[in-house]
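Read off the chains here:
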Amino acid sequence: MQSKLDLHLEFNIKMNNLQFCSGLIGVILLAKLAPSIGNKGGILHPEITSKYFAVFLLFFINGVTLPIETLKAALFRVDVHCLIQGFTFVVFPAFMYILVMMLHYSFLHPAILDGMIILSVMPPPVSSAIMMTKAVGGNVAAALFNSAFGSMMGVFITPSLIMLLFGRSEIEVPTEIIIKQLFITVVVPVVLGQIVRIYTLEWLNKKNLPFNSISQWLIFFIIYTTFCASFSREISGLDTVSFLFLTFLMFALLVAQQMFLFWFSHTVLKYSRSLSLAILYTASHKNIALGIPVIEIIFEGNQNISYLATPLLLYNPIQIVFGGMTLTYFQKWLGSPKGSRVLPTYQSQV
């Protein structure tokens, strides 16, 4: 029979999952009802509040709550970095290229197929992969480093691969601006958080500040503005059958990636469960914040630009919703009380 402690922990996990899933559904519905509020130029001004303030604060909390030893350990796991970045920029694009060659005989518009290749070369995001890794109790430090590192690499690699595949070598991507933005919203807050942690750790442990709740609300706000932007963008010219088929295909691709990464990292490479979950989310999620501007810059004036962006526009919300759907399963798989936390406590090791 389960002990009272086990039953209490299981109850806490279920309640946290219910709260997270309810919040996720709630913000998606709110975004659907009035997407203009949380879209660029709306009253919430997400281009500032979400893109800079919320992301900055979220990474600052990561810096405060993650022990320096954990960050150091993640930094020197070169094998993990090679696996995540290699899968992101080599394995998945190669698989997608073969799949697209097969789908050329289907009813999908050729520009949609090009959009699938564009999707495949996108880097990991700096938000959703970390959100989901936190929520299940995975290795946040590994997800944080590889999301930031992959996004910075993607500034150079993603446009280069697109221009190589589509022959647009004359296009200039504002790499300096994007790198500065990533540095300000990711690197700076983590460093500041570590400085605060070093000098105030004892005080933080005494005060027991509600970083978990603050982070969760920040996550919901970022997801809300992401979906507002998604719902505000038109997917024009796509018939119902193509839309449904493409949605199913994006969902299937996400599941297939995560199943492979789950099996390969934990069964073949024998990585820990928490590290396998960080790999699963980071290597399978794609960065829409970088993707849409890159598509608009490279394919400016292309009459099929909406088709080119459609796979990414569909994939982004699917990766967030599916992450919420698998939350309980992965927390149980971890088999540890830390799976019930959204963030690690100040002295914990992820």
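What counts, and at which threshold
- Residues numbered from 1 in each chain as written.
- Predicted model: local features only at pLDDT ≥ 70, side-chain atom pairs only at ≥ 80, totals over all residues.
- Heavy atoms only, no water.
- Helix = DSSP H or I, 4+ residues; strand = E, 2+ residues; numbered from the N terminus.
- Buried < 20%, exposed > 50% of the residue type's maximum accessible area, 1.4 Å probe, protein only.
- Axes fitted to C-alpha atoms, helices over the stretch in contact; angles between N-to-C directions.
- Parallel < 35°, antiparallel > 145°, perpendicular 65-115°, else oblique.
- Left-handed = near helix turned anticlockwise from the far one by under 90°.
- Contact = heavy atoms within 4.5 Å.
- pLDDT = per-residue confidence, 0-100.
- Patch = residues over 30% accessible without salt bridge, like charges linked within 9 Å, V, L, I, M, F, W, Y side chains within 5 Å.
- Areas by Shrake-Rupley, 256 points an atom, 1.4 Å probe, with all protein chains shown as cover.
- Salt bridge = Lys/Arg side-chain N within 4 Å of Asp/Glu carboxyl O.
- Phe/Tyr/Trp six-rings, centres within 6.5 Å; stacked < 30°, edge-to-face > 60°.

Before going further, it helps to examine unusual backbone geometry. Non-glycine residue His 45 carries a positive phi angle of around 45°. Inspection of the secondary structure assignment puts His 45 in the loop between helix H1 (4–33) and helix H2 (46–65). Residue Lys 270 is not a glycine yet carries a positive backbone phi of 60°. You can see Lys 270 is positioned in the loop between helix H10 (240–268) and helix H11 (273–284). We classify Lys 270 as exposed; its relative accessible area is 64%.

Moving on, we get to the packing of helix H4 (residues 78–103) against H10. Running from N to C, H4 and H10 cross one another at 135°; their axes reach a closest spacing of 12 Å. Classified by the angle between their axes, H4 and H10 sit oblique to one another. Helix-helix and strand crossings are classified by hand; for H4 and H10 the assignment is right-handed. Here Leu 83, Phe 87, Phe 92, Phe 95, Met 96, Leu 99 and Leu 103 of H4 lie close against H10, whose contacting residues are Leu 249, Leu 253, Gln 257, Phe 260, Leu 261, Phe 264 and Ser 265.

This paragraph deals with the confidence of the model for the chain. Per-residue pLDDT for the chain has a mean of 79; in total, 85% of the residues score no lower than 70. Ignoring residues within four places in sequence, the model shows residues 5–9, a span with pLDDT below 50, making two contacts including any to other chains. Confidence over residues 337–350 falls short of pLDDT 50; this stretch has 53 contacts with residues more than four positions distant or in other chains.

Moving on, we come to a nonpolar patch on the surface. Together, Val 191, Leu 192, Ile 195, Ile 198 and Tyr 199 give the surface a local cluster of nonpolar side chains, amounting to about 540 Å² of exposed area. Inspection of the secondary structure puts Ile 198 in helix H8 (residues 175–207).

So, on to the pattern of salt bridges. One pass over the full model with this rule turns up one salt bridge. For the salt bridge of Arg 77 with Asp 79, the shortest nitrogen-to-oxygen distance reads 3.0 Å. Taking relative accessible area as the criterion, Arg 77 reaches 31% and is therefore assigned partly exposed. When its relative accessible area of 35% is taken as the criterion, Asp 79 is described as partly exposed.

Here the focus is the packing of aromatic side chains. Counted according to the given criterion, the structure contains 13 aromatic pairs. When the centroid spacing of 6.0 Å and the interplanar angle of 50° are considered together, the rings of Phe 260 and Trp 263 count as tilted. Pair noted here: Phe 260 and Trp 263 are both in helix H10, with a separation of three residues, about one helical turn. With relative accessibility at 43%, the residue Trp 263 sits in the partly exposed group.

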